[in-house]
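Fold and contact review
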Amino acid sequence: NILKRGHEAVLEHCSFTVKFICDRGVSHEIVRHRLASYCQESTRYCNYGNKGGEITVIRPCFFKEGTENYKYWLEAMYECEHDYLALLKNGATPQEARSVLPNSLKTEVVMTANIREWRHFLKLRCSPAAHPQMREVALKLLEMVHALIPVLFDDIWGEYHADL
């Protein structure tokens, strides 16, 4: 009844935290939501040269393995990794070398928001107009929160259920 009456202010009294594992490009979209708190893995202090000498990237959902675009993307990722490690080897600090890291670099973002903001987040980010990778992450979150608290997410689930 609270949702049907548009009385969502009461939803601001409860919050939950989500850990997203996504690429840096998606993380930039996540942190645009102002009514939330965030922690994100730092590329300034993280030295990927110490982690076995490689970076971890996330393949965009729109580049299918074996396609020409996937091959271009993969080649670019190898080039970024090579250049990043070469910069470190040549004396650059991690915060200097990060300038060549790609948007596809894996990151972890922890986001805490109240339920009203999570509803807003999901309405925007599950939309077909959202960036494909952001939408991919948001639809997974919608599936999870709907399973846990269906009464608070039934309307959003109903709108995007056909896509899942």
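Residues numbered from 1 in each chain as written. Predicted model: local features only at pLDDT ≥ 70, side-chain atom pairs only at ≥ 80, totals over all residues. Heavy atoms only, no water.

1. Observations regarding the packing of helix H5 (residues 132–148) against helix H6 (residues 150–160)
Interaxial distance between H5 and H6 falls to 8 Å at its minimum, and their mutual angle equals 140 degrees. One element, H5, and the other, H6, form an angle in the oblique class. Regarding H5 and H6, the two cross each other, and that crossing is left-handed. The segment H5 lies against H6, with Arg 135, Leu 139, Leu 142, Glu 143, Val 145, His 146, Ala 147 and Leu 148 engaging Pro 150, Phe 153, Asp 154, Ile 156, Trp 157 and Tyr 160. In terms of residue class, the contact of H5 with H6 is made up of 10 nonpolar, one polar and three charged. (Axes fitted to C-alpha atoms, helices over the stretch in contact; angles between N-to-C directions. Helix = DSSP H or I, 4+ residues; strand = E, 2+ residues; numbered from the N terminus. Parallel < 35°, antiparallel > 145°, perpendicular 65-115°, else oblique. Left-handed = near helix turned anticlockwise from the far one by under 90°. Contact = heavy atoms within 4.5 Å. Nonpolar A, V, L, I, M, F, W, Y, C, P; charged D, E, K, R; others polar.)

2. Concerning the pattern of salt bridges
Evaluated as defined, the whole model comprises eight salt bridges. The shortest N-O distance in the salt bridge between Lys 19 and Glu 108 comes to 3.2 Å. In this pair, Lys 19 is assigned in strand S1 (residues 15–23) and Glu 108 in strand S3 (residues 106–114), connecting sequence segments 89 residues apart. When the shortest N-O distance is used, the salt bridge between Arg 119 and Asp 155 registers 2.8 Å. (Salt bridge = Lys/Arg side-chain N within 4 Å of Asp/Glu carboxyl O.)

3. Examining the layout of surface pockets
Estimates place the volume of the largest pocket at around 360 Å³. Lining of the largest pocket is provided by 19 residues; of these, Lys 19, Phe 20, Val 137, Lys 140 and Leu 141 occupy positions nearest its centre. Contributing elements (two or more residues each) for the lining of the largest pocket: S1 and H5. For the lining of the largest pocket, the element with the most residues is H5, which contributes eight residues. Taken together, the residues that form the lining of the largest pocket break down as 13 nonpolar, one polar and five charged. (1 Å grid on protein atoms, 1.4 Å probe; cavity = no way out; pocket = protein on both sides within 12 Å on 5 of 7 lines; lining within 4 Å. Points joined across faces, edges and corners; volume = space filled by probe spheres on them.)

4. With respect to the side chain of Arg 125
As for its placement among the helices and strands, Arg 125 is situated in helix H4 (residues 115–125). In this structure, Arg 125 is in contact with Glu 29, Arg 32, His 33, Ala 130, Met 134, Arg 135 and Ala 138, ignoring residues within four places of it in sequence.

Shape descriptors only; they carry no functional weight alone.
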